[in-house]
Amino acid sequence: MGFSEARFEETEGGEMKEKPYSNKMSLKYISMAKAEKLKSLILARIRVARLNLWVTRALSMLMLLGITMQLKSLGEKVSSSRTPTSNFSYPLPPERVYENNGYLMVSSNGGLNQMRSGICDMVTVARFLNVTLIVPELDNTSFWNDYSQFADIFDVEYFIASLRDEVRILKELPPQQKEKVAESLFSMPPISWSNMTYYYNVILPRIQTNEVVHFQKTDARLANNGLPVEVQKLRCRVNYEALRFAPPIQALAEKIVRILRDKGPFLVLHLRYEMDMIAFSGCNEGCNEQEIDELTKMRYAYPWWKEKVIDSVQKRLAGLCPLTPEETALTLRALGIDHNIQVYIAAGDIYGGERRLATLRAAYPNLVKKETLLPSSELDPFRNHSNQMAALDYYVAVQSETFVPTNGGNMAKVVEGHRRYLGFKKTILLDRKAVVDLVDLYKAGSISWDKFSSEMKEAHADRMGNPVERLVIPGKPKEEDYFYTNPEECLASFDEPQLSNDDHQQDADAEAEP
């Protein structure tokens, strides 16, 4: 190693000693050492910088990947404004995970209870097609002219959260689908009384092709019968559990029930004798000439009310008219309803006012309405919203000891089914044809009061909301028992079912009810 040997020299005594560097050599080697050290330092810093850059890039890629994976979900959550689960005081079902086939928008049509049953059908369709349902839009263009939307009547947060193990429901379309719908929206009315095969074979391909499909109507879009049990049970779950009324409606309805119960048992009378119903049906029993003229003009004023010339007498004898307050009073008395019971009228303004209510009030002096039980200030927020007022009556009707509808309309049908679901609560289903026949005989003096009462009781012995099999008429779904009136698949079993003896002609007018 020449470099090492050059650093030593031999002395005169033969000893070896280190030879001092010259200044020039010393500086040279110091410079070389510093250069080597600086080079190593620079290389090390380059390696660290490259490592940091690689780590930064890797983290950025991971972050971008994570953002990309979550964008769709995040967009949907933001657009739907879904309430965090921590806001709920009740346990939520686990969220169902499935491959989304698209989005279903629906515009419900009709009155409150027609829309209610339609919403149940739409949730069920969305569930079994694996599509996302957008919270239904309620009808603001029908006769009632009520601009309430879903969240004004139903508890929308509960509706979404309580069904999340079955179907994904959003308040509105995610941004990407909104943009697409703004350009073009595939809209259609699904065929009435359809089974699930129609939705699998016809509707699902349209949703997959268009991504978003809008249903213009929701009433009676699923069949009464012939559907799988799991489909029927989901319809019930939506109707009787998920469609809870909005908190303001729920709280006030509960207050009405408390006021009534504090005074004892109560009967809810769905006295469908409002002006619109009488004009629509063409039934003018007990009306004077001026009223008949007024009702006729109203019927002609609405072009979508197709029936204009109506024989009121024949229609009444066929059992197709709403019972009058006078006929109702006689019927309740004949059936042995306690004179002192509270009778809550679930209806709008009775046509003819107190003049037409006089006979009923004389028979049942504890005649009340929400307007007489509550101060005006408490009803004012709901007063100009007919569907919200109907929701109050619906809740009270379901909770009553006895429910008596005087016409086979949608509210009567859906309340009857709800009361069956709650354990076959007493519901007196009046046979209107038998009622008018007996009333006419009694008023003519042809039969005594005792005969009148016994005949009335006999005619209604099996019409008290007791368990019966739902009537099936293949090929004629409109003439069958309505599913939401008797949701048999969802009810407790009974040992000896009886065949339904309902007069189905009486319910035909509910299909076109105003």
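Located above this text is the structure these notes cover.
Rules and cut-offs
Along every chain, residues carry numbers that run from 1 in the direction the sequence is written. Confidence filtering applies because this is a predicted model: local features only for residues at pLDDT of at least 70, side-chain atom pairs given and counted only at 80 or more, and all residues used for totals across whole chains, interfaces and linings. To get the side-chain values, all heavy atoms of the structure are used, and hydrogens and water are removed first. The helix count covers DSSP runs of H or I at least four residues long, the strand count covers runs of E at least two residues long, and both are numbered beginning at the N terminus. Here the term buried applies to any residue with accessible area under 20% of the maximum for its type, exposed to any over 50%, and partly exposed to those in between, with areas from a 1.4 Å probe on protein chains only. Residue contacts are defined here by distance: any two heavy atoms, one from each residue, within 4.5 Å place the two residues in contact. What sets the accessible areas is the Shrake-Rupley method with a 1.4 Å probe; for residues, cover comes only from the shown protein chains. Geometry of aromatic contacts follows a simple scheme: Phe, Tyr and Trp rings, the Trp one being its six-membered ring, pair when their centres are within 6.5 Å, and the pair is stacked under 30 degrees between planes, edge-to-face over 60, tilted otherwise. Two thresholds decide whether a charge sits over a ring: the Lys NZ or Arg CZ must be within 6 Å of the ring centre and within 35 degrees of the ring normal. A pair of strands is labelled paired if DSSP reports no fewer than 2 bridges between them. Only protein atoms enter the 1 Å grid, on which a cavity is a set of points fitting a 1.4 Å probe that cannot get out and a pocket is an open set with protein on both sides within 12 Å along at least 5 of 7 lines, lining residues being those with an atom within 4 Å of a point. Grid points are joined across faces, edges and corners, and a volume is the space filled by probe spheres set on the points. Charged residues are taken to be Asp, Glu, Lys and Arg, nonpolar residues to be Ala, Val, Leu, Ile, Met, Phe, Trp, Tyr, Cys and Pro, and polar residues to be all remaining types, Gly included. What counts as a salt bridge is simple: a side-chain nitrogen of Lys or Arg found within 4 Å of a carboxyl oxygen of Asp or Glu. To define a nonpolar core, start from buried Ala, Val, Leu, Ile, Met, Phe, Trp, Tyr and Cys residues and group those joined through side-chain atoms within 4.5 Å. Domain limits in this description derive from either an automatic procedure or a database domain assignment. Every axis corresponds to a line fitted to the C-alpha atoms, with the helix fit spanning only the stretch in contact, and the corresponding angles, defined between N-to-C directions, vary from 0 to 180 degrees. Relative orientations are named as follows: roughly parallel for angles under 35 degrees, roughly antiparallel for angles over 145 degrees, roughly perpendicular for angles from 65 to 115 degrees, and oblique for any other angle. By definition, turning the near helix anticlockwise from the far helix through less than a right angle yields a left-handed crossing, and turning it clockwise yields a right-handed one. Every crossover in which the path from the first strand over the helix to the second runs clockwise, viewed with the strands pointing away from the viewer, is termed right-handed. We call a pair of cysteine sulfur atoms a disulfide whenever their separation is within 2.5 Å.

Caption draft 1: Spotlight on the overall build of the chain. When helices and strands are tallied, the chain shows 20 helices and 13 strands. Considering the chain as a whole, with its 514 residues, one finds that 47% of them fall into the buried category. Across the chain, the fraction of contacts at a sequence separation of at least 24, relative to all contacts at a separation of at least 6, is 76%. Carbon and sulfur atoms provide 54% of the accessible area of the chain, an area that totals close to 26100 Å².

Caption draft 2: Highlighting the packing of aromatic side chains. Applying the stated criterion across every chain, the model contains 15 aromatic pairs. Geometrically, the ring pair formed by Y198 and Y199 is edge-to-face, given 5.0 Å between the ring centres and 80° between the ring planes. The exposure class assigned to Y198 is buried, which follows from its relative accessible area of 13%. A residue is classified by how much of its surface remains accessible, and Y199, at 0% relative accessible area, is buried. Each residue in the set F150, F154, F159, F245 and Y394 is aromatic and connected to the rest through ring pairs, giving one cluster. The ring of F483 is capped by R235, whose NZ or CZ atom sits 4.3 Å from the centre of that ring. It is K308 that lies over the ring of Y300; its NZ or CZ is 5.7 Å from the centre.

Caption draft 3: Up close: the sheet that holds strand β8 (residues 266-270). In spatial order, the strands read β10-β9-β8-β11; together these four strands make up an open sheet with parallel pairing. Single-partner strands in this sheet number two, and they are β10 (367-368) and β11 (402-405). One ladder, built from two bridges, connects strand β9 (residues 342-345) with β10; its direction is parallel. The residue of β10 that forms the bridge with Y344 is V368.

Caption draft 4: Spatial organisation of empty space enclosed by the protein. All told, the structure shown has two cavities of 30 Å³ or more when counted by the stated rule. Approximately 70 Å³ is the volume attributed to the largest cavity. When its residues are assigned to classes, the lining of the largest cavity shows seven nonpolar, two polar and three charged.

Caption draft 5: Expanded view of the pattern of salt bridges. For the structure on display, the rule yields 26 salt bridges. Of the charged contacts in the structure, one is a salt bridge between E378 and K255, with a shortest N-O distance of 2.7 Å. With E378 in helix α16 (residues 376-379) and K255 in helix α9 (residues 247-262), this pair connects stretches of sequence that are 123 residues apart. The exposure class of E378 is partly exposed, given its relative accessible area of 23%. A salt bridge links E416 to R420; the shortest N-O distance between them is 3.1 Å. Highlighted residues: E416 and R420, both in helix α18 (residues 410-421), separated by four residues, approximately one helical turn. Considered together, E416 and R420 belong to a single accessibility category, that of buried residues. Taken together, the shared-partner salt bridges connect R127, D165, E166 and R237 into one network.

Caption draft 6: Spatial organisation of the nonpolar core. F150, F159, Y199, F215 and Y344 are the most contacted members of the largest nonpolar core, which totals 78 residues. Here this core takes ten residues from helix α3 (residues 112-129), the largest share from any one element. Formed jointly, this core draws a minimum of three residues from each of two domains, domain 1 (103-244) and domain 2 (248-490). Setting aside residues up to four positions removed in sequence, Y344 forms contacts with I256, L260, L267, V268, L269, V368, K369, K370, L373, D393 and V396. Of all hydrophobic cores here, the second largest spans 40 residues; its members include L269, A279, A347 and M456.

Caption draft 7: Region of the structure containing the packing of α9 against helix α17 (residues 386-399). Close contact between α9 and α17 brings their axes to 9 Å; oriented N to C, the two are set at 45°. Accordingly, the angle class assigned to the pair α9 and α17 is oblique. The two elements α9 and α17 meet at a crossing, and its hand is right-handed. Each of I249, Q250, L252, A253, E254, I256, V257, L260 and R261 in α9 lies in contact with α17, whose residues at this interface are Q388, A391, L392, Y395, V396 and Q399. Here the residues of the contact of α9 with α17 are counted per class, giving ten nonpolar, three polar and two charged.

Caption draft 8: Up close: the sheet that holds strand β5 (residues 169-170). Ordered by their spatial adjacency, five strands build an open sheet running β5-β4-β3-β7-β6, and the pairing between neighbours is parallel. Whereas interior strands pair on both sides, the edge strands pair on one side only; in this sheet they are β5 and β6 (186-188). Across four bridges, strand β3 (residues 103-106) lies against strand β7 (residues 212-215) in parallel orientation. Bridge pairing in β7 places L104 opposite V213.

Caption draft 9: Structural view of the pairing of β9. The two faces of β9 match: Q342 and Y344 on one face and V343 and I345 on the other face are all buried. Note on the crossover from β9 through helix α14 (residues 353-363) to β10: the handedness is right-handed.

Caption draft 10: Representation of the state of the cysteines. Applying the stated criterion across every chain yields a total of two disulfides. The side chain of C236 participates in a disulfide bridge whose partner is C490; the two sulfur atoms lie 2.0 Å from each other. Residues C236 and C490 share a disulfide whose torsion about the S-S bond is about 85°; that sign makes it right-handed. Taken together, the positions of C236 in helix α8 (residues 229-242) and C490 in the loop between β12 (468-469) and β13 (498-499) put the pair 254 residues apart, joining distant regions of the chain. Residue classification places C236 among the buried residues on the basis of a relative accessible area of 3%. In this model C283 forms its disulfide with C321; the gap between the sulfur atoms is 1.9 Å. What sets the handedness of the C283 and C321 disulfide is the S-S torsion sign, and at about -85° it is left-handed. Highlighted residues: C283 in the loop between α10 (275-281) and α11 (289-301) and C321 in the loop between α12 (312-317) and α13 (325-334), separated in sequence by 38 residues. Since its relative accessible area comes to 5%, C283 is described here as buried. With a relative accessible area of 7%, C321 lands in the buried category.

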